[in-house]
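These are the residues of each chain, in order.
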Amino acid sequence: MSNFGPLGWVSDREGYRYQPHHPQTGHAWPPIPDLLLDIWKATARHPRLPDACLINFYDADAKMGLHQDKDEADFSVPVVSVSLGDTAVFRYAPPEGGPSRTVKLSSGHVCVLGSKARLARHGIDRILDGSSQLLPRGGRINLTLRVAR
Ligand SMILES: O=C(O)CCC(=O)C(=O)O
Ligand SMILES: [Mn+2]
């Protein structure tokens, strides 16, 4: 796990939070690459630009339980994520609960959680090992762009 941008998502023994520096090195996170800002501009359709980009690596056994992204200040701003490498089985359900569905997120897919779907419950059921040749040692990278504050 790492971050780009003025704020990074950090999870450690003290809990989880957005903060401007790496918890071990104390260094600022690198700026969000222009290519990712271009993807945001093309898909988020919101005047604000992201101040946080979480970089998450999933190995073949990784999963993420159903959750809502609720640690941001303004839920009127979408969350945009870019999938790279192995395909993920992404599960989503309405914010208020109810039946869930899955969709496969392959390398290059962009997922936008916005408007009525901003607080959709979502998670990763599994990673389809070997489904992409992008990363030399396999796995998946997810880049999640958010306006945190
Ligand atoms: O990996 C994904 O596609 C989803 C990631 C996610 O939901 C999160 O980091 O909050
Ligand atoms: Mn999420």
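Refer to the structure above for everything that follows.
Residues numbered from 1 in each chain as written. Chains lettered and ligands numbered in written order. Predicted model: local features only at pLDDT ≥ 70, side-chain atom pairs only at ≥ 80, totals over all residues. Heavy atoms only, no water.

**Some details on the site of ligand 1**
Let me state the cut-off plainly: Nearness is defined per residue: one heavy atom within 4 Å of the molecule or strand is enough. The term polar contact refers here to a pair of N or O atoms within 3.5 Å; inside protein, the definition further demands a hydrogen-donor-capable atom paired with an acceptor-capable atom, and it admits residues adjacent in sequence only when both atoms are side-chain atoms. The accessible surface values rely on the Shrake-Rupley method and a 1.4 Å probe; as for residues, cover is taken only from the protein chains in view. With a 1 Å grid laid over protein atoms only, a set of points is called a cavity when a 1.4 Å probe fits there but cannot get out and a pocket when it is open yet has protein on both sides within 12 Å along at least five of seven lines; lining residues have an atom within 4 Å of a point. For a cavity or pocket, the test is whether more than half of a molecule's atoms lie within 2 Å of its grid points; if they do, the molecule sits there. Each helix is a run of H or I in the DSSP string that is no shorter than four residues. Each strand is a run of E no shorter than two, and both are numbered from the N terminus. Residues are grouped as follows: nonpolar covers Ala, Val, Leu, Ile, Met, Phe, Trp, Tyr, Cys and Pro; charged covers Asp, Glu, Lys and Arg; every other residue, Gly included, is treated as polar.
Lining the immediate environment of ligand 1, one finds L54, N56, Y58, M64, H67, D69, H122, I124, R140, N142 and R146. The separation between an oxygen atom of ligand 1 and a polar side-chain atom of R140 is 2.8 Å. The fraction of the free accessible surface of ligand 1 (300 Å²) that becomes covered by protein chains is 94%. More than half of the atoms belonging to ligand 1 lie within 2 Å of the grid points that define the largest pocket. Put simply, the parts of the chain that give the shell around ligand 1 at least two residues each are β4 (52-58), β5 (64-67), β10 (121-127) and β11 (140-146). Its residues assigned to classes, the shell around ligand 1 shows four nonpolar, four polar and three charged.

**Thoughts on the side chain of D86**
Counted only if it meets this: With a 1.4 Å probe rolled over the protein chains alone, any residue whose accessible area is under 20% of its type maximum counts as buried; one over 50% counts as exposed, and the rest are partly exposed. Only four residue types enter the charge count: Lys and Arg as positive, Asp and Glu as negative, with His and the chain ends excluded. Each salt bridge in this description consists of a side-chain nitrogen of Lys or Arg and a carboxyl oxygen of Asp or Glu lying within 4 Å of one another.
For D86, the position within the fold is in the loop between β6 (79-85) and β7 (88-93). Of the side chains bearing the opposite charge, R140 lies closest to the buried D86, which forms no salt bridge; the N-O distance is 8.9 Å. Polar side-chain contacts of D86 include one of 3.2 Å to the backbone nitrogen of S131. Within polar-contact distance, the side chain of D86 engages the backbone nitrogen of S132 at 3.0 Å.

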